[in-house]
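Here are the chains, one letter per residue:
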Amino acid sequence: MSASHLPLLRAADFQTSWYYSLLVFAMLGLTVWAALSVARAVPGMWRAEQRGLAVLVTTVTTVTMVLFACMLLTVSIGLLRGSVG
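Since this is a predicted model, take the numbers as computed values, not measurements.

Sorry if this is basic, but what is going on with the overall build of the protein chain here?
In terms of helices and strands, the protein chain carries two helices and zero strands. With 85 residues in all, the protein chain has 7% of them scored as buried. Approximately 6,800 Å² of the protein chain is accessible, and the part contributed by carbon and sulfur atoms is 75%.

Sorry if this is basic, but what is going on with a nonpolar patch on the surface here?
Together, F14, W18, Y19 and L22 make up a nonpolar patch on the protein surface, roughly 490 Å² of accessible area in all. With respect to the helices and strands, the residue L22 is situated in helix α1 (residues 6-47).

Help me understand the environment of L28, please; the structure alone is not making it clear to me.
If you trace the backbone, L28 turns up in helix α1. For the pair L28 and F68, spaced 40 residues apart in sequence, the C-alpha to C-alpha distance is 8.2 Å.

Would you explain unusual backbone geometry in this entry?
Of all residues except glycine, most have a negative phi; of all peptide bonds, most are trans. Despite not being glycine, E49 has its phi angle at roughly 65°, a positive value. Considering the arrangement of structural elements, one finds E49 in the loop between α1 and α2 (51-84). Judged by relative accessible area, which is 58%, E49 ranks as exposed.

What's the story with the side chain of T61 in this structure? I'm lost.
Note on placement: T61 falls in helix α2. Residue classification places T61 among the buried positions, given a relative accessible area of 17%. Separated by 2.7 Å, the side chain of T61 and the backbone oxygen of V57 make a polar contact.

Please explain the environment of V55 as it appears in this structure.
As for its placement among the helices and strands, V55 is situated in helix α2. The exposure class assigned to V55 is partly exposed, which follows from its relative accessible area of 44%. In this structure, the C-alpha to C-alpha distance between V55 and M45, residues ten residues apart in sequence, is 9.3 Å.

Explain the environment of P43 to me, please; I cannot follow it from the model alone.
As for its placement among the helices and strands, P43 is situated in helix α1. For the pair P43 and A54, spaced eleven residues apart in sequence, the C-alpha to C-alpha distance is 7.7 Å.

Is there a simple way to explain the side chain of T31 in this structure?
Relative to the helices and strands, T31 is located in helix α1. T31 sits in the buried class, given a relative accessible area of 11%. At a separation of 2.7 Å, a polar atom in the side chain of T31 contacts the main-chain carbonyl oxygen of M27. Setting aside residues no more than four positions away along its own chain, T31 makes contact with M65 and F68.

Each value, and the rule that gives it
- Residues numbered from 1 in each chain as written.
- Predicted model: local features only at pLDDT ≥ 70, side-chain atom pairs only at ≥ 80, totals over all residues.
- Heavy atoms only, no water.
- Helix = DSSP H or I, 4+ residues; strand = E, 2+ residues; numbered from the N terminus.
- Buried < 20%, exposed > 50% of the residue type's maximum accessible area, 1.4 Å probe, protein only.
- Areas by Shrake-Rupley, 256 points an atom, 1.4 Å probe, with all protein chains shown as cover.
- Patch = residues over 30% accessible without salt bridge, like charges linked within 9 Å, V, L, I, M, F, W, Y side chains within 5 Å.
- Salt bridge = Lys/Arg side-chain N within 4 Å of Asp/Glu carboxyl O.
- Polar contact = N/O pair within 3.5 Å; in protein donor to acceptor, adjacent residues only side chain to side chain.
- Contact = heavy atoms within 4.5 Å.

Dropping the structure here:
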């Protein structure tokens, strides 16, 4: 690749990183909103003597949050490596 194409490639990398960061931010916002919604609903289930359902919803939400956190970490490391070097 010639040296004249390097600025174009850097601009394309920046644009790609920008779009990915917007996607990650949207995913993170939606995930946090869902977790807060579940956190508000579970105590009502527990008080209504639906403890099995409350435990199930809490467990599924926790596993989902851990998986999303791992995906977010993986994408963040990839974006960081791409932008630094």
